[in-house]
Amino acid sequence: MESFHKRYLRMCREHQVFPLECVMSQVSREYGEGSRTLDLSSYNLTPEDCHALASSLTDDLFFKEISFADCLLSEESCKLILLGLTQNKCLTSLNLKGNNIRSGGAEVLGQFLKRNTSVHSLQLEWNSLGLWDSGIAAIAEGLALNQVLLILDLRNNQITHEGAALLSAALKRNRTLKGIDLRWNNIGILGGRELLSAFKYNKTLTCIELTGNNIPQDILKAVSVATKQNADREILDEEHRNRTEMMAKELEKAENLKMKEVLSLKDEIDKERTEHELYCSTTQKKIDQLKSTLDERKNAFDSLSAKLTATEAKLSLAHQKCKDLDHLCENLKKELHNEREERTNSELQHHKELNKVLEKNIELEAKVNQLERKNKSLQMNTNDLEREIDKLSADFSLKSKESDHYFQNELRSTKERLEKELNGIHQKMSESSQSTREKIQKIEEHRNSLEREVSSLKSEIVSIKLQGDEELMNVKNQLKQDEIIRSKQYEERINLIQASRDELQTQCTKQLAQISDLQSQVINSTRECESQKRQLDSLKQQMEQKDFEHNKEATRLKLELEAERKNAGELRDKMSKLEDRLTEETTRHRESLAAKESEIKFLNDQLKNKDGELKRHHDEELKRAEMLEKAIYSFVSSTRTSGH
């Protein structure tokens, strides 16, 4: 966005006007120092200059305070400036002192008050606005519809009792103005009464200046009492707002604490799940290791059985060889017997061939000896092989018996250990699940009790508020509407809290379902463990460590529950203190309201007495005037008779 300096120069070129030195010096100085005020007091400004200034100030976001005091602006220039500043969103203070604003400017000023949404302070002293009824009426209409202005200065404007009546009607509708200055005007008794009647509807005006208006002291005192009542009412409203904000903050803190507790419970449940998953994974790994070791032992046993079968096959082959050798020996013996028979027969028949036969017999005997030697050596080898086979079979039988005995003992010991450990795991898992369920139930009961206490406290607070509102119905109609709106907001918050509570309950049910699923998974894992039944002594140590950790967690949860109970007690103490404060403050408010009502009654009585005295004085003055008229008439008649 362009700076004010460039925009002002451009507007001066468009309107064919020379830039004002006072404006240029102000702009350069303000930009250098960082201030946000534009002071053009006591400068003569033409309508063209005002047109350029107004068009450059419409979209300005830098200046917050502008002063046109004692500039004696014409009606046209005043209209241009007010129309240009109507759409400004940054201006908070406007000074139009001593500019002799007429009826047309006053009407534009009324439109400015209707449309502007940023000006909080407006100074209009020494402008003679009360001389034109249409002008003061337009200003009153704008003031009635304005929802931003806080301070209005109307000193020395020759406002009569009729203008005061219009201003009082505007004040009855206005809900934001805090102070108005009406000093040194011509309001009089009737205008003072009209302004006093505005306080029956206006509960925000806390300061009104009425000196130098020929208003009696009793009316001024009544106005000051009304302004004090409005100030006290604003103080009470601020205190009430602060208390409601404190209560809302405490409720938010309690909700945050509950949410933190729920989140901590969720984290603990997640941690337990992760630990359970780690435990299951470790158990699966160990079971897999046990399976691998068992497979290795089975493979070793199979290798030993294969070796045994190979040795048995070798033994069977050796037995077959021995049988073949025995068969050969028997055949040889049969041949020798046959040969001897043939030899005897041949000796009888052939004596000539004895030498040959003898030689053959010798050769045969040598062969027999050799065969017998071979047979003996084979028998020795067979005996050695049988001995080795017997030794191997004995060793193998012993080793097989020892391995079977050791394997059966290990199976029995592992079965007993696994059964004991699984029973312990079942018991611990059941105990842990029961403890977690009991903890969750206790926490839910504690949360329900806290919610009941909060709801009861809220209901008590609402009842106290309603009682106070019923007692102050005649004085605080607007406050009652505001409190009804706040109670609706509180009900909406309570509904939101209940919805969040229902969501938390659903989450808890989901978590319980997840816990049941986990328990079913645990049961399945235990069944698998029962089917396998092969764990080692390291599981005992791990289970002892986990028992120790569970004990630590149980102690930690107990400490946390004790801390939560202490916090709940502190919250109850705080709520009781707040209730005591509310009761004390309600009693104080009642006492102050009763005192103020008594003061109002006393002042009304004084007003009535003074009205009676004024009527008496008026009657006496009328009587005196009649007496004086009669005396003058008699004197005149006597002088006429004497002259004649």
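Residues numbered from 1 in each chain as written. Predicted model: local features only at pLDDT ≥ 70, side-chain atom pairs only at ≥ 80, totals over all residues. Heavy atoms only, no water.

As recorded by an unreviewed UniProt entry, the chain carries the name Leucine-rich repeat-containing protein 45-like and is attributed to Actinia tenebrosa. Taken verbatim from the UniProt record of the chain, the Subcellular location (unreviewed entry) comment is "Cytoplasm, Cytoskeleton, Microtubule organizing center, Centrosome". (UniProt positions renumbered as here; feature names shortened; annotations may be inferred.)

Novice: Looking at this model, I keep getting lost on the overall build of the chain. Mind explaining?
Specialist: Across its full length, the chain carries 12 helices and seven strands. In the chain, which comprises 644 residues, the share counted as buried stands at 32%. When contacts within the chain are restricted to residue pairs at least 6 apart in sequence, those whose partners lie at least 24 apart make up 86%. Within the structure as shown, the chain displays about 41,800 Å² of accessible surface, and the carbon and sulfur contribution to it stands at 54%. (Helix = DSSP H or I, 4+ residues; strand = E, 2+ residues; numbered from the N terminus. Buried < 20%, exposed > 50% of the residue type's maximum accessible area, 1.4 Å probe, protein only. Contact = heavy atoms within 4.5 Å. Areas by Shrake-Rupley, 256 points an atom, 1.4 Å probe, with all protein chains shown as cover.)

Novice: What's the story with the nonpolar core in this structure? I'm lost.
Specialist: Where a protein is soluble and globular, its nonpolar side chains tend to be buried together. Formed by 64 residues in total, the largest nonpolar core has its most connected members in Phe68, Leu94 and Leu182. Once you skip the residues sitting within four places of it in the chain, Leu182 turns out to touch Leu154, Ile159, Leu167, Ile187, Leu195, Ile208, Glu209, Leu210 and Asn213. (Core = buried A, V, L, I, M, F, W, Y, C linked by side-chain atoms within 4.5 Å.)

Novice: Help me out: how do you make sense of the packing of helix α3 (residues 47–57) against helix α4 (residues 75–85) in this one?
Specialist: The geometry of a pair of packed helices is captured by two quantities: the angle between their axes and the separation between those axes. Between α3 and α4, whose axes approach to 8 Å, the crossing angle comes to 5°. As the angle between them shows, α3 and α4 are arranged roughly parallel. Touching Pro47, Cys50, His51, Ala54 and Leu57 of α3 are Glu76, Ser77, Leu80, Ile81, Gly84 and Leu85, all from α4. A breakdown of the residues in the contact of α3 with α4 according to their chemical character gives seven nonpolar, three polar and one charged. (Axes fitted to C-alpha atoms, helices over the stretch in contact; angles between N-to-C directions. Parallel < 35°, antiparallel > 145°, perpendicular 65-115°, else oblique. Nonpolar A, V, L, I, M, F, W, Y, C, P; charged D, E, K, R; others polar.)

Novice: Honestly, the sheet that holds strand β3 (residues 93–95) in this entry has me stumped. Any pointers?
Specialist: Each strand in a sheet pairs with another by means of backbone hydrogen bonds, the pair being arranged parallel or else antiparallel. Taken in spatial order, the seven strands make up an open sheet running β1-β2-β3-β4-β5-β6-β7, and their pairing is parallel. Each end of this open sheet is capped by a strand with a single partner; those strands are β1 (37–39) and β7 (207–209). Each strand of the sheet is rotated relative to its neighbour by a mean of 0°, with strand direction disregarded. Pairing geometry for β3 and strand β4 (residues 121–123), over three bridges, is parallel. Residue pairing in the sheet places Asn95 in a bridge with Gln123 of β4. (Pairing = 2+ DSSP bridges.)

Novice: Hey, could you run me through the packing of aromatic side chains in this one?
Specialist: One pair of aromatic rings is described through two measures. These are the centre distance and the angle between the planes. Counted by the stated rule, this structure contains three aromatic pairs. On the basis of an interplanar angle of 85° and a centroid distance of 5.1 Å, the ring pair of Phe4 and Phe63 is categorised as edge-to-face. Within this pair, whereas Phe4 is found in helix α1 (residues 4–14), its partner Phe63 is found in the loop between α3 and β2 (65–67), the two being separated by 59 residues in sequence. Its relative accessible area of 1% is what places Phe4 among the buried residues. Centroid distance Phe62 to Phe63: 5.2 Å. Interplanar angle 80°. Geometry classified as edge-to-face. Given a relative accessible area of 1%, Phe63 falls into the buried group. One aromatic cluster is present, built from ring pairs that chain together Phe4, Tyr8, Phe62 and Phe63. In this structure, Arg36 packs its charged tip against the face of Phe62, placed 5.5 Å from the ring centre. (Phe/Tyr/Trp six-rings, centres within 6.5 Å; stacked < 30°, edge-to-face > 60°. Lys NZ or Arg CZ within 6 Å of the ring centre and 35° of its normal.)

Novice: Where do I start with unusual backbone geometry in this structure?
Specialist: It is generally the case that most residues other than glycine have a negative phi and that most peptide bonds are trans. Not every positive phi belongs to a glycine, and Asn100 is a case in point at roughly 50°. Positionally, Asn100 belongs in the loop between β3 and α5 (103–115). Even without glycine at this site, Trp184 takes up a positive phi of about 60°. For Trp184, a relative accessible area of 52% translates into the label exposed.

Novice: Even after reading the chapter, I still don't get the side chain of Asn146, so can you show me in this structure?
Specialist: Relative to the assigned elements, Asn146 resides in the loop between α6 (133–145) and β5 (151–153). When its relative accessible area of 3% is taken as the criterion, Asn146 is described as buried. Within the local environment of Asn146, its side chain forms a polar contact with the backbone nitrogen of Leu149, the two atoms lying 2.7 Å apart. With residues near it in sequence (within four places) discarded, Asn146 still touches Leu113, Asn116, Asn174 and Thr176. (Polar contact = N/O pair within 3.5 Å; in protein donor to acceptor, adjacent residues only side chain to side chain.)

Novice: In this structure, what is going on with the side chain of Asp218? I would like to understand it.
Specialist: Tracing the sequence through the fold places Asp218 in helix α9 (residues 217–349). Buried within the structure, Asp218 lacks any salt-bridge partner; its nearest side chain of opposite charge belongs to Lys610, at an N-O separation of 4.5 Å. (Lys, Arg positive; Asp, Glu negative; His and termini not counted. Salt bridge = Lys/Arg side-chain N within 4 Å of Asp/Glu carboxyl O.)

Novice: I keep staring at the state of the cysteines and nothing clicks. Help me out?
Specialist: Any covalent bond linking the sulfur atoms of two cysteines counts as a disulfide. Inspection of every chain in the model, using the stated rule, returns zero disulfides. Left unpaired, Cys71 is separated from the closest cysteine sulfur, that of Cys50, by 8.0 Å. On the accessibility criterion, Cys71 (2% relative accessible area) is buried. (Disulfide = S-S within 2.5 Å.)

Novice: Is there a simple way to think about the pattern of salt bridges in this case?
Specialist: One side chain can pair with another of opposite charge once the charged atoms of both are near each other. Enumeration over the complete set of coordinates arrives at 13 salt bridges. Taking the shortest distance from any N to any O, the salt bridge between Asp611 and Arg193 comes out at 3.3 Å. With Asp611 in helix α12 (residues 538–643) and Arg193 in helix α8 (residues 188–198), the pair connects residues that are 418 residues apart, well separated along the chain. Arg193 gets classed as partly exposed once you look at its relative accessible area, which sits at 40%. One network of salt bridges, in which partners are shared, links Glu125, Asp153, Arg155, Asp181 and Arg183.

Novice: Quick question: what am I supposed to make of α8 here?
Specialist: Residues separated by three or four positions in an α-helix point in the same direction, a consequence of the helix having 3.6 residues per turn. Within the span of α8, buried status applies to Gly188, Gly191, Gly192, Leu195 and Ala198. Within α8, the buried residues cover an arc of 110° as seen down the axis, which keeps them to one side. (Arc of directions from axis to C-beta.)

Novice: It is not clear to me how the packing of α1 against α3 should be interpreted in this structure. Could you clarify?
Specialist: Packing of α1 against α3 leaves a shortest axis separation of 9 Å and a crossing angle of 140°. When the interaxial angle is binned, α1 and α3 end up oblique. As for the relative orientation of α1 and α3, their crossing is right-handed in sense. For the pair α1 and α3, contact is made by Phe4, Arg7, Tyr8, Met11 and Cys12 and by Ala52, Leu53, Ser55, Ser56 and Leu57, respectively. Of the residues belonging to the contact of α1 with α3, the class tally is seven nonpolar, two polar and one charged. (Left-handed = near helix turned anticlockwise from the far one by under 90°.)

Novice: Please explain a nonpolar patch on the surface as it appears in this structure.
Specialist: A surface patch of nonpolar side chains, about 400 Å² in accessible area, is lined by Leu628, Ile632, Phe635 and Val636. Here Leu628 shows up in helix α12. Overall, Leu628 belongs to the exposed group, its relative accessible area being 54%. (Patch = residues over 30% accessible without salt bridge, like charges linked within 9 Å, V, L, I, M, F, W, Y side chains within 5 Å.)

Novice: Honestly, the environment of Arg7 in this entry has me stumped. Any pointers?
Specialist: In this fold, Arg7 is placed in helix α1. In sequence terms Arg7 and Asp59 are 52 residues apart; their C-alpha atoms lie 9.8 Å from each other.

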